[in-house]
Amino acid sequence: MAKGKMLRELERLYESHELPFLPTKLKAKAVLSIYRNVVWSVKNTAQCLACEQEVTYGSDLGKALSYLENFAPERVLDDFEARVRHLFETKWLIDIIDSALIRLKEYPVHGQCYYTIIQYSYLSRDKHSNEEIMRKVALEKTSFYERKNEAIAIMGIALWGYALPTLLKEISDEKSKGEQK
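### A short note on the overall build of the chain
- Within the chain one finds seven helices and zero strands.
- Residue burial in the chain is summarised as follows: out of 181 residues, 33% are buried.
- Long-range contacts, defined here as pairs at least 24 residues apart, represent 67% of the contacts in the chain between residues at least 6 apart.
- Per element, the accessible surface of the chain, about 11900 Å² overall, is 55% carbon and sulfur.

What follows is the structure, encoded as structure tokens:
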């Protein structure tokens, strides 16, 4: 099957970022595929953590944290820290995807269409069928699948070419600031 003009352009864009096209695109699709479940899991974990904290330590978060820091057995504190760290790490994943999604939406050619396809295919709370999404973006079947393929490819660039390097630079800058103090 011949590649469309847009996919050839995207391959050149991948090359300019020194990213392998197919592996990066497949990783982007894998990350998008787990997004809905990750968000659900984080939401439930955060709610459970909040309920657990209130039942165990009362409604005053300051007192709860003080207890954990000063009086709780070390294993309880370690478990709490691990659970909170997991929430923050997962939130980073969500933030990275959200940042990439903004770049996707701003893409000069079909950006809004790509955004809608990714949003309804992978990110919205409710899963939508391809037929529903085709109607939303007013595309015929062949064009829809081409745009969906392109959207995933652009998400790969947005994730590994922009969002992730930006986050890593911010972390590095924060670490440098911390070391300078």
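Moving on from the coordinates now.
### Details of the nonpolar core
- The biggest cluster of nonpolar side chains holds 33 residues, and the ones touching the most others in it are Leu-10, Ile-118, Leu-123 and Met-155.
- With ten residues, helix H7 (residues 141-180) is the single largest residue contributor to this core.
- Residue contacts for Leu-10: discarding those within four places in its chain leaves Phe-21, Tyr-107, Glu-150, Ala-153, Ile-154 and Ile-157.
- Cys-113, Ile-117, Ile-133 and Val-137 belong to the second largest nonpolar core, which has six residues in total.

### Section: the packing of aromatic side chains
- In total, this model carries three aromatic pairs according to the counting rule given.
- A ring pair is formed by Tyr-14 and Phe-21, whose centres lie 4.8 Å apart and whose planes are at 75°; its orientation type is edge-to-face. Each member of the pair, Tyr-14 as well as Phe-21, is classed as buried.
- Where Phe-144 meets Tyr-145, the ring centres are 5.1 Å apart and the plane angle is 75°; that geometry is what we call edge-to-face.
- The class for Phe-144 is buried, based on a relative accessible area of 0%.
- Sitting over the ring of Tyr-162, Arg-103 keeps its end group 4.1 Å from the ring centre.
- Above the ring of Tyr-120, the side-chain terminus of Lys-136 is found at 4.6 Å from the ring centroid.

### Some thoughts on the confidence of the model for the chain
- Taken residue by residue, the chain gives an average pLDDT of 81. The fraction at 70 or more is 72%.
- Here helix H3 (residues 61-70) is the element of the chain with the lowest mean pLDDT, 58, and helix H6 (residues 130-137) is the one with the highest, 96.

The rules behind each value
- Residues numbered from 1 in each chain as written.
- Predicted model: local features only at pLDDT ≥ 70, side-chain atom pairs only at ≥ 80, totals over all residues.
- Heavy atoms only, no water.
- Helix = DSSP H or I, 4+ residues; strand = E, 2+ residues; numbered from the N terminus.
- Buried < 20%, exposed > 50% of the residue type's maximum accessible area, 1.4 Å probe, protein only.
- Contact = heavy atoms within 4.5 Å.
- Areas by Shrake-Rupley, 256 points an atom, 1.4 Å probe, with all protein chains shown as cover.
- Core = buried A, V, L, I, M, F, W, Y, C linked by side-chain atoms within 4.5 Å.
- Phe/Tyr/Trp six-rings, centres within 6.5 Å; stacked < 30°, edge-to-face > 60°.
- Lys NZ or Arg CZ within 6 Å of the ring centre and 35° of its normal.
- pLDDT = per-residue confidence, 0-100.

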